[in-house]
Amino acid sequence: MKISLIGCKTNSVNIFPELIKSLSKKISGLEVSVRFVPFFEDIPIVCVEESSSSDFLVAFAFLDEEDEINFLKKKLIDVELLTKTRVLKWIGVDSLSSKLTQDYFDQKEVLVEELSKTVLSILFKETDFIPNEEDY
C-alpha cells in the first residue's frame, strides 16, 4: 500500500516523520511519498499528481482564514471525484504555534496519534465512523 502525504511550506509544524513512523508500525509493507508545496493552493494539483501512484492521500495544512480552509477542502473533494482516490483532508487553523514548548510537543504527539488513527480507520475499519446513538 502506498500513501502520499502532502503538506505546505507555510505549516508551523512537520508531523510527517512521526506520522510515517506511527503508520509503518501498523501497516505492513507501507510505502510513503512525502511532498511539500510552496503555497496551499498547490496542494490539489500535487494530490492529482500523486493519485496516479498512490492508494490514499493525506493533505495536511494549517491556514489562517476560514475562506482558505473551505476553498482548499472543496478543491480536494474535486480531486477525489476526478481521480477516484481518497483524500484525507486535515485542513484547519494552526493550534500548535502558540503553545509553550512542552505543550507544543504534547499537542504534536496528540495530533500525530489522532491523524494516524483516522487514516487506519478509513483504510481498515470504517465501522469506527458509525454514530453512537444516545439511549433516551
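Look a little higher up for the structure.
Residues numbered from 1 in each chain as written. Predicted model: local features only at pLDDT ≥ 70, side-chain atom pairs only at ≥ 80, totals over all residues. Heavy atoms only, no water.

**Topic: the packing of helix H1 (residues 16-26) against helix H4 (residues 101-124)**
Axis separation between H1 and H4 bottoms out at 9 Å; the angle between their running directions is 40°. With respect to each other, H1 and H4 are oriented oblique. You can see that H1 and H4 cross each other, and the crossing is right-handed. Across the interface between the two elements, Glu-18, Leu-19, Ser-22, Leu-23 and Lys-26 of H1 pack against Lys-108, Val-112, Glu-113, Leu-115, Ser-116, Val-119 and Leu-120 of H4. When the residues that make up the contact of H1 with H4 are grouped by side-chain class, the tally is six nonpolar, two polar and four charged. (Axes fitted to C-alpha atoms, helices over the stretch in contact; angles between N-to-C directions. Helix = DSSP H or I, 4+ residues; strand = E, 2+ residues; numbered from the N terminus. Parallel < 35°, antiparallel > 145°, perpendicular 65-115°, else oblique. Left-handed = near helix turned anticlockwise from the far one by under 90°. Contact = heavy atoms within 4.5 Å. Nonpolar A, V, L, I, M, F, W, Y, C, P; charged D, E, K, R; others polar.)

**Some details on the sheet that holds strand E4 (residues 86-92)**
Taken together, the four strands give an open sheet; going across it, the order is E2-E1-E3-E4, and neighbouring strands pair in parallel fashion. The sheet is open, and its two edges are formed by strand E2 (31-37) and E4, each paired on a single side. Taking each pair of neighbouring strands and ignoring which way they run, the sheet shows an average axis angle of 15°. Across five bridges, strand E1 (residues 2-8) lies against strand E3 (residues 56-62) in parallel orientation. If you follow Leu-5 over to E3, its bridge partner there is Val-58. Each of E3 and E4 touches helix H3 (residues 66-83); the most contacted strand, E4, lies at about 175° to it. (Pairing = 2+ DSSP bridges.)

**What to know about the pattern of salt bridges**
Summed over the entire model, instances satisfying the criterion amount to eight salt bridges. Between Glu-49 and Arg-35 there is a salt bridge, with its nearest N and O atoms 2.9 Å apart. Taken together, the residues Glu-49 in helix H2 (residues 43-51) and Arg-35 in strand E2 connect sequence positions 14 residues apart. Accessibility expressed as a relative area gives 27% for Arg-35, which makes it partly exposed. Lys-125 serves as the salt-bridge partner of Asp-128, at 3.6 Å between the closest nitrogen and oxygen. Classification of Asp-128 by relative accessible area gives partly exposed; the value is 35%. The partly exposed category is assigned to Lys-125, whose relative accessible area is 47%. Connected through salt bridges with shared partners, the residues Arg-35, Glu-49 and Glu-50 form a single ionic network. (Salt bridge = Lys/Arg side-chain N within 4 Å of Asp/Glu carboxyl O. Buried < 20%, exposed > 50% of the residue type's maximum accessible area, 1.4 Å probe, protein only.)

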